[in-house]
Amino acid sequence: DQFGIKKSLEILGIKAENLGSSTGNTWIETKEESIASYSPADGSLIAKVQVGNQESYEAIISQASIAFEKWRSVPAPQRGEIVREIGNALREVKSDLGKLVSYEMGKSYQEGLGEVQEMIDICDFAVGLSRQLYGLTMHSERPGHRMYEQWHPLGIVGIISAFNFPVAVWSWNAALAWVCGDVCLWKPSEKAPLSGIACQKIAAKVFEKHGMPEGICSLIIGDYKVGELMSHDSRIPLVSATGSTRMGKLVGQAVGGRLGRSLLELGGNNAIIITENADMDMAIRGALFGAVGTAGQRCTSTRRLIIHSKVYEEVKTRLANAYSKLVIGNPLDEKNHVGPVIDQDAVIMYLEAISKVKSSGGKAVVEGGVLEGEGFESGCYVKPAIYEAENHFEIVQHETFAPILYLLKYNTIEEAIAIQNGVPQGLSSAIMTLNMREAEAFLSVAGSDCGIANVNIGTSGAEIGGAFGGEKETGGGRESGSDAWKAYMRRQTNTINYSSNLPLAQGIKFDI
Ligand code: UN1
């Protein structure tokens, strides 16, 4: 245990066998079978978690409904104070939680720490928000009347999160939902359940310390079946789901079918346009981090480079050179740049994508492959790969959650933008240019159609202060900063008559 995993697990309260349904500090036994969480870093079993079932789900929902009645009446700034303390509790265990995330999910330790920092940051953001949550006032057309709007909490917010950001995405939703007065039920990815359990313990302790009832933060471990319970349940007014477009369509349809609300943050197919006017060092750096960071498993990972024909060969050569220096290995070892993908299924998808791009006519610039031998026993380590391709290839139109980068060529900026927009997804996009006309064209109404559009920054690494999400098959939801909090509340318009008349709107006469 050269990286001190055992000690971190102990500090985080993770045992060999864990229960997976909780209303806070109370854990519910279900006698269902357990999910075993294996590390993609070294293939070893970390711990087991019992899955939730219909009964534990019902117990959680009924406790959450009771808790909501109490929590919604706690003044928002006091709710913010509790979220502030959750942020502080995360500060205390930042290195342990970062390590667990890295070990269970496979991202580098530094990225694991970065993910926990995003959680701390969103808590700070939510604390400030807890004294805002502003509504507008407006002028009534009637004398002696006042009009304004206020925002009220929704109730139980269901959070379904993915393995790649196993803890941060929960916090983006939960920290906001809590200051808004909602209670949360979280279904973390069944591929990273221990990271979820660790967070649940941290938050539940803070709520308990403040004498808050069980049910404000709930957790249930399970697969799509638990997700189905949540999306069909009209007691959950909002389901926020992060993951594949396939999953998002199922959730969106089920929630839409009952006219509930969903907040969807789904697949991306993110591109960087590298123009002939790019700062080439920045372009290569941005592309490299975007494509190989988190082993290509961010929603915001760079999947396509759209390169001006004049600089195409230069980009290709420099990238191939940079890729040859990448060190692949155990993510906890800070000398490595790239860790494993999440599991063997991900390796299969990676290999399938490579064979598809080749059979469509793609050419390898940096050939992929699965690594074998010492240090790679888990079978989850793959080589970051680059292929020359065309945007219309079926596989290029598709999000493959792996470190595969496609190179595409263009001649005019209009063409580059058309290629960038010519995919079903619309999450993140970027242009590398020092030319103001190109940059502005990219950001204009006729430019990028994505939720995120960057200039001289790659596609990944969005800050929590902005609204995060995208268009088209990415699902349209916005999480995290800006006014994303509005999704977690219901708006109420109030008109108050303080005159002694009752003038009817639009001047209508109605004598009695
Ligand atoms: C995700 O992959 O689901 O922008 C989130 C980024 C991170 C978040 C990614 N801040 O890369």
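Here's what I pulled together on the structure shown here. (Residues numbered from 1 in each chain as written. Predicted model: local features only at pLDDT ≥ 70, side-chain atom pairs only at ≥ 80, totals over all residues.)

For the protein, the count of helices and strands is 14 helices and 23 strands. Over its C-alpha atoms the protein spans a radius of gyration of 24 Å, differing by no more than 12% from the 24 Å that the globule rule assigns to 512 residues. For the C-alpha atoms alone, the extent of the protein along its principal axes is close to 80 × 60 × 35 Å. Here the protein, with 512 residues, has 54% of them falling under the buried criterion. Considering only residue pairs separated by 6 or more positions, the protein has 74% of its internal contacts joining residues 24 or more positions apart. (Helix = DSSP H or I, 4+ residues; strand = E, 2+ residues; numbered from the N terminus. Rg over C-alpha atoms; globule rule 2.2 N^0.38 Å. Buried ≥ 20, exposed ≤ 12 C-beta atoms within 10 Å, placed from the backbone. Contact = placed C-beta atoms within 7 Å.)

In this section: the site of the ligand. All residues adjacent to the ligand are Asn164, Phe165, Val169, Thr242, Arg298, Cys299, Thr300, Ser460, Gly461 and Ala462. Its residues placed into classes, the shell around the ligand shows four nonpolar, five polar and one charged. (Near = placed C-beta within 6 Å. Nonpolar A, V, L, I, M, F, W, Y, C, P; charged D, E, K, R; others polar.)

It is worth spelling out the packing of helix H3 (residues 76–92) against helix H7 (residues 193–209) at this point. Viewed as axis vectors pointing N to C, H3 and H7 meet at an angle of 135°, and their least axial separation amounts to 9 Å. Classed by the angle they form, the pair H3 and H7 counts as oblique. Crossing of H3 over H7 shows right-handed handedness. Along the contact surface, H3 presents Ile82, Glu85, Ile86, Ala89 and Leu90, while H7 presents Ile202, Ala203, Lys205, Val206 and Phe207. Residue classes in the contact of H3 with H7 are distributed as eight nonpolar, no polar and two charged. (Axes fitted to C-alpha atoms, helices over the stretch in contact; angles between N-to-C directions. Parallel < 35°, antiparallel > 145°, perpendicular 65-115°, else oblique. Left-handed = near helix turned anticlockwise from the far one by under 90°.)

Residues Cys123, Ala126, Ala175, Leu176, Cys184, Leu305 and Tyr488 are the most contacted members of the largest nonpolar core, which totals 148 residues. At 11 residues, helix H6 (residues 168–180) tops the list of elements feeding residues into this core. In contact with alanine 126, other than residues within four places in its own chain, are Gly80, Val83, Ala175, Leu176 and Val179. Ranked by size, the runner-up nonpolar core spans six residues in total, among them Cys299, Leu427, Ile452 and Phe468. (Core = buried A, V, L, I, M, F, W, Y, C linked by C-beta atoms within 7 Å.)

Time to look at the packing of helix H1 (residues 5–12) against helix H4 (residues 94–105). Across the interface, H1 lies against H4 with an axial gap of 9 Å and an inter-helix angle of 115°. Judged by the twist between their axes, the crossing of H1 over H4 is left-handed. Judged by residue contacts, Ile5, Ser8, Leu9, Ile11 and Leu12 of H1 engage Asp96, Leu97, Lys99, Leu100 and Tyr103 from H4. When its residues are assigned to classes, the contact of H1 with H4 shows seven nonpolar, one polar and two charged.

Here three strands make up an open sheet; going across it, the order is E1-E4-E3 and the pairing mixed. At either margin of the open sheet sits one strand with a lone partner, and together these are strand E1 (17–18) and strand E3 (34–38). Across the face of the sheet, H7 comes into contact with E1, E3 and strand E4 (45–50) while running at roughly 70° to E4. (Pairing = 2+ DSSP bridges.)

Take the sheet that holds strand E14 (residues 363–366) next. Taking strand neighbours across the sheet as the criterion, the seven strands line up as E14-E15-E16-E13-E12-E18-E19 in an open arrangement whose pairing is mixed. Two strands close off the open sheet at either side, each with one partner strand: E14 and strand E19 (452–455). With direction set aside, neighbouring strand axes in the sheet form an average angle of 25°. With three bridges connecting them, E14 and strand E15 (residues 385–388) associate as antiparallel partners. Each bridged residue has a counterpart across the sheet, and for lysine 363 the counterpart in E15 is glutamate 388.

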